[in-house]
Protein chains: 2
Amino acid sequence: MSHIPPEERRARIAEEVRRQGAATIDALAGRFGVTEQTIRRDVNALCDAGLLRRRHGGVELPVQRENLPYESRQVLHQAEKQAIARAVAGLVPDGASVALSIGTTPELIARALVEHRDLKIYTNNLNVALALCANPGFEVTLPGGRVRNRYRDLVGAAQTRFFAGYNVDFGIFGVGGIDDDGELLDFAEEEVEARQAILANCRRALLVADHTKFGRNAVVRGGHLAEVDVLVTDRAPPPAMAARLDAAGVTVHLAPREALS
Amino acid sequence: MSHIPPEERRARIAEEVRRQGAATIDALAGRFGVTEQTIRRDVNALCDAGLLRRRHGGVELPVQRENLPYESRQVLHQAEKQAIARAVAGLVPDGASVALSIGTTPELIARALVEHRDLKIYTNNLNVALALCANPGFEVTLPGGRVRNRYRDLVGAAQTRFFAGYNVDFGIFGVGGIDDDGELLDFAEEEVEARQAILANCRRALLVADHTKFGRNAVVRGGHLAEVDVLVTDRAPPPAMAARLDAAGVTVHLAPREALS
DNA sequence: GTTCGTTTTGTTCATTCGAACATTTCCAGG
DNA sequence: CCTGGAAATGTTCGAATGAACAAAACGAAC
């Protein structure tokens, strides 16, 4: 068992509970070789994040609820993504019109934007729409289409038409990976389409990507770093990429990581 | 303070917590003049229903989460609505195509349908879409449009076109009220439109309405009881209405109320 | 390697928790 | 007016909880 870093232990606890449906504090403490109090801290953090639910003596899955589709979601690097989200929220002024695309980072950005005023939101990400319609002053618009159950987003040809119908102040999108040449990569054709559509119909294009995306490969090519206006990330990009960014006049925002609990 | 029936006390606890943001068990016990243990029982039931979240020593709002828009939602009659939802779920076979409309009852129906297999869902209710895309075997399709933040649904002219594009096995919709003549009533023009569109494009039209809808007035008229195929409710309708239903050949399903906790 | 500040983990203890059982209240049916 | 069963509430008590503080591990700068 040895020393597992705390973040990973939490991810593993979440995984364990999802697989088993529930677990006691005692059992988890034994399983990971730490004190019950430590497990309690982990478990409470996970509950605060909405991933698990507390039971006296243990934790369980937030039954039925809409968390099942998150099964595949990474809890890892959540702190970095949250830092990026905060930074992006700082760049968007009240009253702006914003297009937000699919992905976990845009979702966190949405949550960070919810305290703004009078935003106009265009998104094909249901999680984003949900988070933002909590603010009564926001105007949230969705394209129609088939829902990708796993990700709770909408993809397909209609998306391109949808985003082409508006010219927004900010286009915000994530990416599957950025290779060393600065090519933007995704895992599916349809993901690329929506991204391209947003990129083409906004006054400022913000790309959000945590450091794990640098040099990471994915199958579908779509667009290039040079086309975006701002890159928001959590660590300085590798030198080669930094040079390209500089040459293309892309502003790079480094988001300082903060404590989350 | 006197004797408050338990169901109402729970509704009031929920209301209290929503207004204050949080409350201690101790305070609630004093506020309602009952033991802490009783409050614990109430509070745990509300948490199981996903309306509140537990804190050591008290309860709080499920922060940020998508529950804020429920502010205005009735917790009252939830047991009845849930009974109706179970009954409807029993009427829908695996593999069916289903159109579900806006409202809290359709939302509960969606949750009751989530264990089915291979359903095709068409809905303008985001809560319904969310609940049902948790099942990987379902095909969920949404119309596009502006989100009504308060209700998390989509309304407007595009809805009519959307539902007209499919001919589904079951059309399921709620209603604002049913007057004594059997007229179906709603509170807004746009709510009626989607309902009419579903009614016109399904092989079997299911109307769901708890007993409080009988004889209740609302402003916008749209359709008549006689046009539906099945009415699912929790209590026998008043005699005059029953006669009309019988004359129109509408099947009436009475859903037996069960304990919820 | 050493130092210093931060993060993570362990320990203690007063408080809160819920299971189980006892009691009361409510409401039909006689 | 009683009576019996079910639902709601109160009571007790060992286990679980989190705040607070202490110890340890880690990381960066030197």
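Please read these numbers as outputs of a predicted model, since none were measured by experiment. (Residues numbered from 1 in each chain as written. Chains lettered and ligands numbered in written order. Predicted model: local features only at pLDDT ≥ 70, side-chain atom pairs only at ≥ 80, totals over all residues. Heavy atoms only, no water.)

Concerning the protein's contact with DNA strand C
Item 1. Around DNA strand C, the structure places 18 residues, and the nearest of them are Arg 9, Thr 35, Thr 38 and Arg 41 of chain A together with Gly 57 of chain B.
Item 2. Sugar and phosphate atoms constitute 67% of the interface atoms of DNA strand C, taking the interface as everything within 4 Å of the protein.
Item 3. Gln 37 of chain B places a polar side-chain atom, nitrogen or oxygen, 3.1 Å from a base nitrogen of DNA strand C.
Item 4. Contributing elements (two or more residues each) for the surface near DNA strand C: helix H1 (6–20) and helix H3 (36–48) of chain A together with helix H3 (36–48) and strand S2 (53–55) of chain B.
Item 5. Its residues placed into classes, the surface near DNA strand C shows 3 nonpolar, 10 polar and 5 charged. (Near = heavy atom within 4 Å. Polar contact = N/O pair within 3.5 Å; in protein donor to acceptor, adjacent residues only side chain to side chain. Helix = DSSP H or I, 4+ residues; strand = E, 2+ residues; numbered from the N terminus. Nonpolar A, V, L, I, M, F, W, Y, C, P; charged D, E, K, R; others polar.)

Remarks on the relation of the copies chain A and chain B
Item 1. Its rotation angle being 180 degrees, the transformation that places chain A on chain B also includes 0.1 Å of axial translation and leaves an RMSD of 0.2 Å. Seen this way, the second copy is the image of the first under a two-fold rotation axis. For chain A, the residue whose C-alpha comes nearest the rotation axis is Gly 144 of chain A, separated from it by 1.8 Å.
Item 2. Comparing interface residues between copies, 97% of those in chain A also lie at the interface in chain B; the contact surface is shared. (Least-squares fit on C-alpha atoms with pLDDT ≥ 70 in both. Contact = heavy atoms within 4.5 Å.)

Some points on the sheet that holds strand S3 (residues 58–60) of chain B
Residue and element names in this part refer to chain B.
Item 1. The strand order S1-S3-S2 describes an open sheet built from 3 strands, whose pairing is antiparallel. The open sheet has two edge strands with one neighbour each: strand S1 (22–24) and S2. Each strand of the sheet is rotated relative to its neighbour by a mean of 25 degrees, with strand direction disregarded. (Pairing = 2+ DSSP bridges. Axes fitted to C-alpha atoms, helices over the stretch in contact; angles between N-to-C directions.)

Describing the pairing of strand S11 (residues 183–186) of chain A
All names here are of chain A.
Item 1. Going residue by residue along S11, you find Glu 183 and Leu 185 tucked away on one face and Leu 184 and Asp 186 tucked away on the opposite face as well.
Item 2. Here 2 bridges tie strand S10 (residues 177–178) to S11, and the two strands are oriented antiparallel to one another. For Gly 177, the partnering residue across the bridge sits in S11 and is Leu 185.
Item 3. Connecting S10 to the antiparallel partner S11 that follows it, the hairpin turn spans 4 residues, and Gly 182 within it adopts a positive phi of roughly 90 degrees.
Item 4. By the bridge criterion, 3 bridges tie S11 to strand S13 (residues 220–224) in an arrangement that is antiparallel. (Buried < 20%, exposed > 50% of the residue type's maximum accessible area, 1.4 Å probe, protein only.)

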